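# Per-entry structural report
Given next are the chains, with one letter for each unit.
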Amino acid sequence: MPGHRFRITVEALSDRKGAPVEKTPLVFEVENHDDILEIVERIQGREDLAFGKEKSAAFAVGLKLFSEVMIENRKHAVFAPLRDAFKAFMVGLKKGPQAGE
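Residues numbered from 1 in each chain as written. Predicted model: local features only at pLDDT ≥ 70, side-chain atom pairs only at ≥ 80, totals over all residues. Heavy atoms only, no water.

The name given to the protein in an unreviewed UniProt entry is DUF3861 domain-containing protein, and the organism recorded there is Serratia rhizosphaerae.

## Quick word on the overall build of the protein
Quick note on the threshold: Going along the chain from the N terminus, every DSSP run of H or I of four or more residues is numbered as a helix, and every run of E of two or more is numbered as a strand. Just to be clear, the radius of gyration here is over C-alpha atoms, and the globule rule we use is 2.2 Å times residues to the power 0.38. Only protein chains enter the accessibility calculation, which uses a 1.4 Å probe; a residue is then buried when its area is under 20% of its type maximum, exposed when over 50%, and partly exposed in between. Residue contacts follow a heavy-atom distance rule, with two residues in contact if any of their heavy atoms lie within 4.5 Å. Using a 1.4 Å probe, accessible areas were evaluated by the Shrake-Rupley method; residue-level cover was limited to the displayed protein chains. Only four residue types enter the tally: Lys and Arg on the positive side, Asp and Glu on the negative side, with His and both chain ends excluded. Note on charges: their place is set at NZ of Lys, CZ of Arg, CG of Asp or CD of Glu.
On a plain count of helices and strands, the protein comes out with 3 helices and 2 strands. Going from N to C terminus, the protein has its helices and strands arranged as β-β-α-α-α. Taking 2.2 N^0.38 as the reference for a compact globule, 101 residues should give roughly 13 Å; the C-alpha atoms of the protein span a radius of gyration of 16 Å, well beyond that estimate. Per-residue burial for the protein yields a buried fraction of 22% across its 101 residues. Pairs at least 24 residues apart make up 47% of the contacts formed inside the protein by residues separated by at least 6 positions. Of the accessible surface of the protein, which amounts to about 8,100 Å², a share of 57% is contributed by carbon and sulfur atoms. Between the averaged position of the 16 positive side-chain charges in the protein and that of its 16 negative side-chain charges there is a distance of 6 Å.

## Examining the packing of helix 1 (residues 36-44) against helix 2 (residues 53-72)
Inclusion rule: The axes are straight lines fitted to the C-alpha atoms, using for helices just the contacting stretch, and the angles between their N-to-C directions are given from 0 to 180°. Throughout, the term roughly parallel applies to angles under 35 degrees, roughly antiparallel to angles over 145, roughly perpendicular to angles from 65 to 115, and oblique to all others. The handedness criterion is simple: a crossing whose near helix is rotated anticlockwise from the far helix by less than a right angle is left-handed, and one whose near helix is rotated clockwise is right-handed. Residue polarity is assigned by list, with Asp, Glu, Lys and Arg as charged and Ala, Val, Leu, Ile, Met, Phe, Trp, Tyr, Cys and Pro as nonpolar; anything else, Gly included, falls into the polar class.
At a minimum axis separation of 9 Å, helix 1 and helix 2 run at an interaxial angle of 135°. Relative to helix 2, the element helix 1 is oriented oblique. Crossing angle aside, the handedness with which helix 1 passes helix 2 is right-handed. Residues I36, I39, V40, I43 and Q44 of helix 1 form the contact with helix 2, whose participating residues are K53, S56, A57, F59, A60, V61, K64 and L65. Split by residue class, the contact of helix 1 with helix 2 holds 9 nonpolar, 2 polar and 2 charged.

## Focus: the packing of aromatic side chains
Where we set the bar: In this scheme Phe, Tyr and Trp rings, the latter by its six-membered ring, pair at centre separations within 6.5 Å, and the angle between planes marks the pair as stacked below 30 degrees, edge-to-face above 60, and tilted otherwise.
All chains considered together, the criterion is met by 4 aromatic pairs. Aromatic side chains F86 and F89 sit 6.2 Å apart centroid to centroid with 35° between the ring planes, which places their arrangement in the tilted category. You can see F86 and its partner F89 sitting in helix 3 (residues 83-95), 3 residues apart, about one turn around the helix. F86 sits in the buried class, given a relative accessible area of 17%.

Here is the structure:
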């Protein structure tokens, strides 16, 4: 089954000193089994993840882009050290805060 398709754009605005940057934006298309925009909305709505709107969007988009590549290449050796920890992280993230936490 085809996934959701997205166009991702990363545009440099300034360097670490605040000076404007003139670089061609990075634009690419990806497919994801989840609706990334819906995931961003859910993450932004969670009180236990009070990163702020911009940081929550960055967290959700980065996580979904990374996890999709990891899923598609699950047997690649580079992901071996992360497999168990990442699975536990995702289970905990999806469960949300538990009583007493």
